[in-house]
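# Topology and contacts: notes
Residue-level listing of the chains:
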Amino acid sequence: MKNPAIIKYACYMSNASMSATANISPLLFITFHQLSYTLLGLLVLVNFCTQLAVDLIFSFYSHKFNISKTIRLMPVLTMAGLVIYSLLPAFFPGLTYTFLLIGTIIFSASAGLAEVLTSPVIAALPSDNPERDMSRAHSVYAWGVTAVVLLSTLYLQVFGRETWYILALLWSVIPLTAFILFM
């Protein structure tokens, strides 16, 4: 068996990734001033509905999936979604919203998987204090939200809103770390 501590930290990083993906669009609302409020709100709605749909599907049909491969794939999906979200709008300016939406769907699906899979993985790991580990896993998300909001706000103030795509790309370091730890 792999080192349980490394797997635990990979799960924590997956929860932190959810913090970044759940909050990136609302943090960039002012940056996306050329989009209507309806389209901006739709990004948040799509994020929520995609996560919820994946949660429901995976909750009922998890036995049909290879959990080990799926949990290793989660960070890759998150990174792919963030890369599409951040880079493709620059290459295809006429399709900016389309790529924001596609990226959102991909990283939201991954967040839905993380929501369903990380807690059982942590619970299954040998531990001296499993309640503490589970509590820590859930608090990582909350602390991640705080860090994402503070660091994103600081980044946008220092480097300007026109470099938002770099900020979104920088948040892909968290799932990259989770991927490395899961491997």
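In case you missed it, the structure is sitting above this.
For the structure given in this document, a descriptive report is provided here. Remember, predicted model here, so these are calculated numbers, not experimental data.

Looking now at the layout of surface pockets. Here the largest pocket defines a volume of roughly 260 Å³. Surrounding the largest pocket, 14 residues form its lining, Met-18, Ala-22, Gln-51, Glu-115 and Tyr-141 being those nearest its centre. When residues of the lining of the largest pocket are traced back to their parent elements, those giving at least two are helix H1 (4–27), helix H2 (37–61), helix H4 (96–124) and helix H5 (130–159). Grouping the constituent residues of the lining of the largest pocket by class yields seven nonpolar, six polar and one charged. Quantified by volume, the second largest pocket comes out at close to 170 Å³. Lining the second largest pocket are Lys-2, Ile-7, Ile-67, Ser-68, Ile-71, Arg-72, Val-121 and Phe-182.

This next bit is on H4. Along an α-helix, residues three or four positions apart point the same way, because every turn accommodates 3.6 residues. Between its terminal C-alpha atoms H4 stretches 42 Å, which fits the 42 Å expected from 29 residues at 1.5 Å a residue. The sharpest bend along H4 measures roughly 30° and falls at Leu-117, with the proline Pro-120 sitting one to four residues further on.

Calculation rules
Residues numbered from 1 in each chain as written. Predicted model: local features only at pLDDT ≥ 70, side-chain atom pairs only at ≥ 80, totals over all residues. Heavy atoms only, no water. 1 Å grid on protein atoms, 1.4 Å probe; cavity = no way out; pocket = protein on both sides within 12 Å on 5 of 7 lines; lining within 4 Å. Points joined across faces, edges and corners; volume = space filled by probe spheres on them. Helix = DSSP H or I, 4+ residues; strand = E, 2+ residues; numbered from the N terminus. Nonpolar A, V, L, I, M, F, W, Y, C, P; charged D, E, K, R; others polar. Expected span 1.5 Å × (residues − 1). Bend = angle between axes of the 7 residues up to and from the residue.

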